[in-house]
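Structural overview
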Amino acid sequence: ALLEACIGRIARTKALGLLSLSGLPESLRNHFEPLGSLLHYEAGKAPVGECSYYRHLHEDPGMEAWSCAEIEEYLRREYRRLALGREIRTVLDAGETRAGASLLSADLHQDRHEVTLRPLWPGEDFPANLERHIRFLRNEGYLNICFELDLGVPWHVKLVPVLAAHRFEPGFILPFAGQSDLLILQNRDDAQS
């Protein structure tokens, strides 16, 4: 009854859906689509999968999502599974370079040993900057490192090869959460074991 009341109120707004990033009780799961899961690591314990769920409330307006070779198959499969109409466009490397230093933001959750990194600027030092961030975060005890990319921003997708080289793997897509959808990647470095 509480879920139906929630949906009834939200469905009258411009909100396109409901999202739960931290799981749902078994009794509510059949009302939502599973987006995907991330592994949650704690020192001295086996990793536990945490599934995120989504419920679409209105007709999908469709949009474009940028991709590259490393994630194109994943995006096509997930968009088909979630029944989200997307025009997938491939970013091309035209040899352009980014001047200056790269800039990342970090959303820290110390109690869960968790951090989400987001790109603010893709400077030429991005690979070294990412490596420094990972090393620092690991030294500070952060076992769960995620990276958030907006699939509506072409230069975000150009960071994927560097992220893949640092063992970031796609976890799930958050529909309508940025200029397009957000892709959440998780670092699966052996240092977490």
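Note: the structure precedes this text.
Quick notes on the rules
Residues numbered from 1 in each chain as written. Predicted model: local features only at pLDDT ≥ 70, side-chain atom pairs only at ≥ 80, totals over all residues. Heavy atoms only, no water. Pairing = 2+ DSSP bridges. Helix = DSSP H or I, 4+ residues; strand = E, 2+ residues; numbered from the N terminus. Axes fitted to C-alpha atoms, helices over the stretch in contact; angles between N-to-C directions. Contact = heavy atoms within 4.5 Å. Buried < 20%, exposed > 50% of the residue type's maximum accessible area, 1.4 Å probe, protein only. Right-handed = clockwise from strand over helix to strand, strands pointing away.

So, about the sheet that holds strand β9 (residues 168-174). What the five strands build is an open sheet, ordered β6-β7-β8-β10-β9; its pairing is mixed. Edge positions in the sheet fall to β6 (103-109) and β9, since each of these pairs with one other strand and no more. Each neighbouring strand pair of the sheet contributes to a mean axis angle of 25°, computed without reference to strand direction. Of the pairings in the sheet, the one linking β9 to strand β10 (residues 182-187) comprises six bridges and is antiparallel in character. Within β10, the residue paired with F168 across the bridge is N187. Strands β9 and β10 of the sheet are contacted by helix α2 (residues 72-81), whose axis makes an angle of about 30° with β9. Docked against the sheet, helix α3 (residues 126-139) engages β6, β7 (114-121), β8 (144-150), β9 and β10, running at close to 145° with respect to β8.

Glancing now at the pairing of β8. Most of β8 is tucked away: seven of the seven residues are buried. Both faces of β8 are covered, namely the face carrying N144, C146, E148 and D150 and the face carrying I145, F147 and L149. Sheet topology note: the β7/β8 ladder contains four bridges and is parallel. Bridging across to β8, T116 finds its partner in C146. The parallel pair β7 and β8, bridged by α3, forms a crossover whose chirality is right-handed. Pairing of β8 with β10, which is carried by five bridges, proceeds in the antiparallel orientation. Looking across to β10, one finds that F147 is bridged to L185.

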